[in-house]
Amino acid sequence: MSNLNRDILYLVFEQIQNDKKTLFSCLLVNKTWCEIIIPMLWRNPWERLNSENGMILLNAINSHLSDVTKNKIREHMIFTDFDQKPLFNYISYCKHLNLDEIQRMINENVIEKSEISNIQNEIFNIFINENMKYSHLYVYQNFDSRINFINGAERCFSEIEFLSCNTDVNDDIITILTETCKSIRKLELFINLKNNNYGIIKLIKDQKKLSDISLTRTHFDDSSFYEILENSLTKHASTIQFCKFTRSPTKLLSSCINLKKLELGSKIRSISTSWYCLKDLSFPYLQILRSSSVPVDVMTSLIINTKGFLVEIKIDCIWYDETSSKILIQAIYQNCPNIKYLKLKIGNCSILELEPLLISCKYLKVLFLLIGEGQFDWNKLFEIFTKSSSSSLYKFKFNINGQPKLESYKLFFDNWKGRHPMFLQIFSNVIIDFNFNIIERYKKEGIIKKFDSCYWWDQGNKDFEFN
């Protein structure tokens, strides 16, 4: 494989571009592989940045400075290696620019605070010049530098497709984006209580391809600014296909008739009646529906008002009674024949509704059940799984209080014999007391492919793919 054509190698590595560990191991194969992989790793150097690798990144950045600049700022920075020479022009491969992260790394490593501004300008000049062109830009509330945007900034930001920023972003950035950029497809805005920059409104109006928006609001943000912001987004309603709102929008969603993906709410468990304005909306082309802390009857109505294209439903961080649970599950199997990924809460009285769901939803690949406190008939649940699951369903995930008896699991595993080996993840508020020798035995028998168990708070780092 090391002798494959460069174009073929590029296509192979593109398929695993998010698997950084594998890419790093491939760097050492030969020069050709290294030359293909390095640009991929440097597209977004801010990804997975932490205190341990931040200094390594800063050293790599500083290595691109001229000798004159290095000598000028050397004595003002700590723990920085100014003597290394870069093997590649790493900065030239960057497609993501995170101004906050650059500022943070500089501020944390400058000894004399009076020199911060000068050092920032020197390092920002590496990233913002006529030789650079970015697709992604990140600017948050901590960024307060006044950058000299005269050296090629028009080229740098002329093809930005993704913008993530706070709405109090400084005028320098908004001005240059408004003058040069008409290509933003995805917009993430974090709306502030005060000092919102109304220049964002003009920036939004001038975009030609806006299709993906995310609005993060607090309960104390500037409602007057938000209303103007929402009105500016309404202009793009016919092209918007992806929406994420942490609080209920007032007008915008009713105009987004071509919506394919909708995320509502946040993991802060505060239920708002404002979501009820969505109950009568219809999104005929919706494919992905996710919610956190949104009333379940609102979600049920949204599901009923779709036209059978939903492939993913996640309903999280909300309590609802058994009657509501039954109505929700019925709405899913009556309206979502193509569902592939399903996450929802279930109780003892609604277990039986899973049987018609599994029979009707033959394309279901991943089933994630949230099971609360109280008596729960695990044997019945597992019986329905083994009796009614289609051949495509073999990935299960449980978030539970307590744990089932080992005998219930063994019954499930024994009855699964002859099917596709299952993937099973369990998250609990207690230690899962498994005899892992038993798990290994079922793996050898081809009944279990993968098994994970851990505490609730680890679940954000683990999930099964369902593609």
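Residues numbered from 1 in each chain as written. Predicted model: local features only at pLDDT ≥ 70, side-chain atom pairs only at ≥ 80, totals over all residues. Heavy atoms only, no water.

Student: What should I look at first to understand the overall build of the protein chain in this one?
Tutor: Tallying secondary structure elements over the protein chain gives 18 helices and 14 strands in all. Here the protein chain, with 467 residues, has 51% of them falling under the buried criterion. Relative to all contacts within the protein chain whose residues are 6 or more apart in sequence, the contacts with residues 24 or more apart total 70%. Roughly 22800 Å² of accessible area belongs to the protein chain as shown, and the carbon and sulfur atoms make up 50% of that amount. Taking the 57 positively charged and 53 negatively charged side chains of the protein chain as two groups, their mean positions are separated by 6 Å. (Helix = DSSP H or I, 4+ residues; strand = E, 2+ residues; numbered from the N terminus. Buried < 20%, exposed > 50% of the residue type's maximum accessible area, 1.4 Å probe, protein only. Contact = heavy atoms within 4.5 Å. Areas by Shrake-Rupley, 256 points an atom, 1.4 Å probe, with all protein chains shown as cover. Lys, Arg positive; Asp, Glu negative; His and termini not counted. Charge placed at Lys NZ, Arg CZ, Asp CG, Glu CD.)

Student: Sorry, what's going on with the confidence of the model for the protein chain here?
Tutor: Summary statistics for the protein chain give a mean pLDDT of 87 and a share of 91% for residues scoring 70 or more. Mean pLDDT across the secondary structure elements of the protein chain bottoms out at helix α5 (residues 67-73), with 82, and peaks at helix α15 (residues 354-360), with 97. (pLDDT = per-residue confidence, 0-100.)

Student: Would you explain the packing of aromatic side chains in this entry?
Tutor: The description of two aromatic rings rests on the distance between their centres and on the angle between their planes. Using the criterion set out here, one finds 26 aromatic pairs in the structure. Each ring, one from Phe-13 and one from Trp-33, has its centre 5.1 Å from the other, and the planes form 70°; the classification is edge-to-face. Taken together, the positions of Phe-13 in helix α1 (residues 6-15) and Trp-33 in helix α3 (residues 31-41) put the pair 20 residues apart, joining distant regions of the chain. A centroid spacing of 5.7 Å and a plane angle of 75° characterise the contact between Phe-396 and Phe-412, whose relative ring orientation is edge-to-face. (Phe/Tyr/Trp six-rings, centres within 6.5 Å; stacked < 30°, edge-to-face > 60°.)

Student: For this particular structure, what's the right way to read the side chain of Asn-197?
Tutor: Looking at the element boundaries, Asn-197 is found in the loop between β4 (186-190) and α10 (199-205). Polar side-chain contacts of Asn-197 include one of 2.8 Å to the backbone oxygen of Val-169. Side chain to side chain, Asn-197 and Asp-171 meet in a polar contact 2.8 Å long. Those residues in contact with Asn-197 that lie beyond four places of it in its chain are Thr-167, Asp-168, Val-169, Asn-170, Asp-171, Ile-174 and Phe-225. (Polar contact = N/O pair within 3.5 Å; in protein donor to acceptor, adjacent residues only side chain to side chain.)

Student: Help me understand the pattern of salt bridges in this model?
Tutor: Should their charged atoms come close, side chains of opposite charge can pair. By the definition in use, this model includes 21 salt bridges. Its salt-bridge partner being Glu-312, residue Lys-314 comes within 3.9 Å of it at the nearest N-O pair. Since its relative accessible area comes to 3%, Glu-312 is described here as buried. Each member of the salt-bridge network shares a partner with another, and the members are Lys-261, Glu-263, Arg-290, Glu-312 and Lys-314. (Salt bridge = Lys/Arg side-chain N within 4 Å of Asp/Glu carboxyl O.)

Student: Just to check I follow, could you spell out the nonpolar core for this structure?
Tutor: Nonpolar side chains in soluble globular proteins tend to be buried together. Ranked by internal contacts, the top residues of the largest apolar core, which has 142 residues, are Phe-127, Phe-157, Leu-229, Leu-262, Phe-385 and Phe-398. It is α3 that provides the largest number of residues to this core, a total of 7 residues. (Core = buried A, V, L, I, M, F, W, Y, C linked by side-chain atoms within 4.5 Å.)

Student: Looking at this model, I keep getting lost on the pairing of β4. Mind explaining?
Tutor: Across a regular strand the side chains alternate sides, sitting on one face of the sheet and then on the other. Strand direction decides the pairing type here: strand β3 (residues 162-166) and β4, joined by 5 bridges, are parallel. Residue pairing for β4: Ser-164 is matched across the bridge by Glu-188. In terms of handedness, the path from β3 via helix α9 (residues 171-180) over to β4 forms a crossover that is right-handed. Relative to strand β5 (residues 212-216), β4 runs parallel, the two sharing 5 bridges. Across the sheet, Leu-189 pairs through a bridge with Leu-215, a residue of β5. Note that the unit made of β4, α10 and β5 has a crossover that is right-handed. (Pairing = 2+ DSSP bridges. Right-handed = clockwise from strand over helix to strand, strands pointing away.)

Student: I tried to follow the state of the cysteines on my own but got confused; where do I start?
Tutor: Covalently bonding the sulfur atom of one cysteine to the sulfur atom of another cysteine gives a disulfide. As enumerated under the stated definition, the model contains 0 disulfides in all. Summary of cysteine pairing: Cys-94 is not part of a disulfide, and the nearest cysteine sulfur, belonging to Cys-156, is at 11 Å. For Cys-94, a relative accessible area of 0% corresponds to the buried category. (Disulfide = S-S within 2.5 Å.)

Student: It is not clear to me how unusual backbone geometry should be interpreted in this structure. Could you clarify?
Tutor: Although it is not a glycine, Ser-293 sits at a positive phi angle of roughly 60°. Looking at where Ser-293 falls in the secondary structure, it is placed in the loop between β8 (288-292) and α13 (296-304). On the accessibility criterion, Ser-293 (2% relative accessible area) is buried. Positive phi values are uncommon outside glycine, yet Cys-317 reaches one of about 55°.

Student: Explanation requested: the side chain of Thr-246 in the structure shown.
Tutor: Here Thr-246 shows up in the loop between β6 (242-245) and α12 (252-255). Note on Thr-246: relative accessible area 14%, which makes it buried. Contact partners of Thr-246, with chain neighbours within four places excluded, come to Leu-215, Thr-216, Arg-217, Gly-265, Ser-266 and Trp-275.

Student: How should I be thinking about the environment of Thr-216 in this particular structure?
Tutor: Counting through the fold element by element, Thr-216 comes out in strand β5. For Thr-216, a relative accessible area of 25% gives the class partly exposed. With 212 residues separating them along the chain, Thr-216 and Ser-428 place their C-alpha atoms 30 Å apart.

Student: Would you mind going over α3 with me for this structure?
Tutor: Along an α-helix, residues three or four apart share an orientation, since each turn contains 3.6 residues. Residues of α3 that are buried: Trp-33, Cys-34, Ile-36, Ile-37, Ile-38, Met-40 and Leu-41. In the core, the buried residues of α3 are packed alongside α1 and α2 (20-26). At the N-terminal boundary of α3, the capping side chain belongs to Asn-30, with an oxygen 3.1 Å from the backbone nitrogen of Thr-32.

Student: Looking at this structure, I do not really get the environment of Val-110. What am I missing?
Tutor: With respect to the helices, strands and loops of the structure, Val-110 is situated in the loop between α6 (99-108) and α7 (116-127). Distance in space between the C-alpha atoms of Val-110 and Arg-74 is 9.7 Å, their sequence separation being 36 residues. Beyond its immediate stretch of four places on either side in the chain, Val-110 contacts His-76, Met-77, Ile-116 and Ile-119.

Student: Is there a simple way to explain the pairing of β6 in this structure?
Tutor: Of the two faces of β6, only one is covered, namely that formed by Cys-243 and Phe-245; the face formed by Phe-242 and Lys-244 stays uncovered. Note: β5 against β6, 4 bridges, orientation parallel. Paired with Asp-212 across the bridge in β6 is Phe-242. Of the pairings in the sheet, the one linking β6 to strand β7 (residues 261-265) comprises 4 bridges and is parallel in character. From the neighbouring strand, Phe-245 faces β7, where its bridge partner is Leu-264.

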